[in-house]
Amino acid sequence: MKKIGWGIFVAACVVGPIIAMFALGGFGEGEVKGELLGSGPLVGSFALKADACRSGEADGFLGVYLGETGRSDARLKAFQDPAYGEMVLLQVPDSCEGPRCKQIILKGESCARFSVRIEKTNTTVNDIVVLDGELSLDCELASGDKIAGELRFEGCH
Amino acid sequence: MRANLLPRNKTSRGPLVRKLLIGIGIGIAVLAFLTLFTPLGGVLAGAADSVAGGEVKHLQEYRGSITEARNGGDLAVGDKCDLEVRLEDRLFGDMVQLKLACGTRALYGQREDVGWIAEHTERDGEIVHALDQWDDEGDPGIEFKLDEGAVTYWDKTGLRLKIALDGLPKGALPAEHDPAFVPSEKAAPPGVDAAGAMAAPVPRVSEKCDPGAVCWGPRMDVAL
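It is worth spelling out the interface of chain A and chain B at this point. Each partner contributes to the interface: chain A provides 35 residues, whereas chain B provides 21 residues. Note on chain A versus chain B: buried area summed over both sides is about 2,500 Å², and carbon and sulfur give 62% of it. Our count for the chain A to chain B interface comes out at 0 salt bridges. Viewed at the interface, chain B and chain A are joined by 8 residue pairs in polar contact (both at pLDDT 80 or more). Elements supplying a minimum of two residues to the side of chain A that touches chain B: β3 (52-55), β4 (62-67), β5 (75-81), β6 (85-91) and β7 (100-106) of chain A. Tallying contributions element by element places β7(A) first for the side of chain A that touches chain B, with 6 residues. When its residues are assigned to classes, the side of chain A that touches chain B shows 16 nonpolar, 9 polar and 10 charged. Taken together, the 5 bridges between β7(A) and strand β10 (residues 214-218) of chain B define a ladder with antiparallel strand orientation. Across the sheet, A:Arg100 pairs through a bridge with B:Pro218, a residue of β10(B).

Attention shifts here to the sheet that holds β10(B). Taken in spatial order, the 6 strands make up an open sheet running β3(A)-β4(A)-β5(A)-β6(A)-β7(A)-β10(B), and their pairing is antiparallel. A single partner strand is all that each edge strand has here, and the edge strands are β3 of chain A together with β10 of chain B. Strand-to-strand, the axes of this sheet are offset by a mean angle of 25°, without reference to chain direction. Pairing of β5(A) with β6(A) involves 7 bridges; the strand directions are antiparallel. When the sheet's bridge partners are listed, A:Asp81 is paired in β6(A) with A:Gly85.

This model, assessed by the stated rule, comprises 16 salt bridges over all chains. Note that A:Glu109 and A:Lys107 form a salt bridge whose closest N and O atoms lie 3.8 Å from each other. Here A:Glu109 falls in the exposed class, since its relative accessible area comes to 66%. Across the pair B:Asp79 and B:Arg204 runs a salt bridge whose closest N-O atoms are separated by 3.1 Å. Taken together, the residues B:Asp79 in the loop between β1 (55-70) and β2 (80-90) and B:Arg204 in the loop between β9 (160-165) and β10 connect sequence positions 125 residues apart. Among the residues examined, B:Asp79 registers a relative accessible area of 15% and is labelled buried. Three or more residues joined by partner-sharing salt bridges are found here, namely A:Arg117, A:Glu119, A:Glu134 and A:Arg152.

Now for the sheet that holds strand β2 (residues 44-48) of chain A. All names here are of chain A. The strand order across the open sheet formed by 5 strands is β2-β1-β10-β9-β8, and the pairing between neighbours is antiparallel. Unpaired on one side and paired on the other, β2 and β8 (111-125) mark the two borders of the sheet. Each strand axis lies, on average, 10° off the axis of its neighbour in the sheet, ignoring direction. Here 9 bridges tie strand β9 (residues 128-140) to strand β10 (residues 146-156), and the two strands are oriented antiparallel to one another. For Leu131, the partnering residue across the bridge sits in β10 and is Cys156.

Bringing the environment of B:Asp89 into the picture now. Of note, B:Asp89 is situated in strand β2. Expressed as a C-alpha distance, the spacing of B:Asp89 and B:Val56, which sit 33 residues apart in the sequence, is 6.3 Å.

Before going further, it helps to examine the state of the cysteines. Enumeration over the complete set of coordinates arrives at 5 disulfides over all chains. The disulfide partner of A:Cys53 is A:Cys156, and the S-S distance across this bridge is 2.0 Å. Measuring the twist about the S-S bond at about -100°, one finds the A:Cys53-A:Cys156 disulfide to be left-handed. One end of the pair, A:Cys53, is in strand β3; the other, A:Cys156, is in strand β10, with 103 residues separating them in the sequence. Among the residues examined, A:Cys53 registers a relative accessible area of 3% and is labelled buried. Sulfur-sulfur distance for the disulfide between B:Cys81 and B:Cys102 comes to 2.2 Å. Linking B:Cys81 and B:Cys102, the disulfide has an S-S dihedral of approximately 110° and is accordingly described as right-handed. Of this pair, B:Cys81 sits in strand β2 while B:Cys102 sits in strand β3 (residues 93-102), and the two are 21 residues apart along the sequence. Looking at B:Cys102, the relative accessible area reads 1%, which means it is buried.

What counts and what doesn't
- Residues numbered from 1 in each chain as written.
- Chains lettered and ligands numbered in written order.
- Predicted model: local features only at pLDDT ≥ 70, side-chain atom pairs only at ≥ 80, totals over all residues.
- Heavy atoms only, no water.
- Contact = heavy atoms within 4.5 Å.
- Buried area = accessible area lost by both parts, 1.4 Å probe.
- Salt bridge = Lys/Arg side-chain N within 4 Å of Asp/Glu carboxyl O.
- Polar contact = N/O pair within 3.5 Å; in protein donor to acceptor, adjacent residues only side chain to side chain.
- Helix = DSSP H or I, 4+ residues; strand = E, 2+ residues; numbered from the N terminus.
- Nonpolar A, V, L, I, M, F, W, Y, C, P; charged D, E, K, R; others polar.
- Pairing = 2+ DSSP bridges.
- Axes fitted to C-alpha atoms, helices over the stretch in contact; angles between N-to-C directions.
- Buried < 20%, exposed > 50% of the residue type's maximum accessible area, 1.4 Å probe, protein only.
- Disulfide = S-S within 2.5 Å.

This is how it looks when you write it as structure tokens:
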């Protein structure tokens, strides 16, 4: 009985929380779903399947970084600029040449559909407010490149 | 009282003036040393020249095309480039300056990386070789070799271009009579090629990140 009691205690205190952490989205990476597709003469053809996020609060902006964990250059920054409103800075995956990469700043003007929603939740983790939101884009640039897709994120901190 | 004050003032002013003169002399000597024997001289001379300006004593102009483009960004083999090789009379002596522009981009000599050329060789008054002095330090650099009809340009981002020159000084023919010549500052508008004919616009990755444009920006390294 004593052995069974210790087993339950260990399972409840150690194994259970670990399983729960993975089930609820890992170690604070948040949950991200969706993808952005791009094509055109300057960006080539790419798909950004975001699976991780991080709040920009530590970097001084209201917004999130989204990206793929396995591809360090596949990154996107969706944020609310105090002066210009919602904006998206997209780093084109696999476009980096040394310290610089092909990037696009997207605002509403060049897009048939441009929606960026960033919501603060009532939860804070390590003094960072957890963010939920989504973005939906359908943009055609003057260069002829097209960016379109939808991303949803939850629990980003 | 007056008789007592006058000599005392005179004797106290003498050493002060002398110290000032010695200080100015040392300052001039240090500046001259730095200018002549250290790279800081280039900076100082450049700063002085940017104010004083320089008279162009000799100018060679070429047009060529990119023959090799390693990590060329939005520049590719076949793109046209203009090169100016100029000898300027500067405050601290003659200086060779190179200006390289490809398409609408000023690659060298017109931005912050003004070509302060360390080595140059002249033959019959013509500059046949010029090499940027900062090439060993990973900074933007350029080398011009007239005999090989080539220019090599590189920058710290990995951009490295080899450009073949046609070897014909532009001065031999007025620019407006050269059908292939398009001044870099007045590049053909989008949709119009060098000869003025309508052509399909060639989009390029911009160096400036304006909204709605594909540009080169600093790598976003964010751990997720």
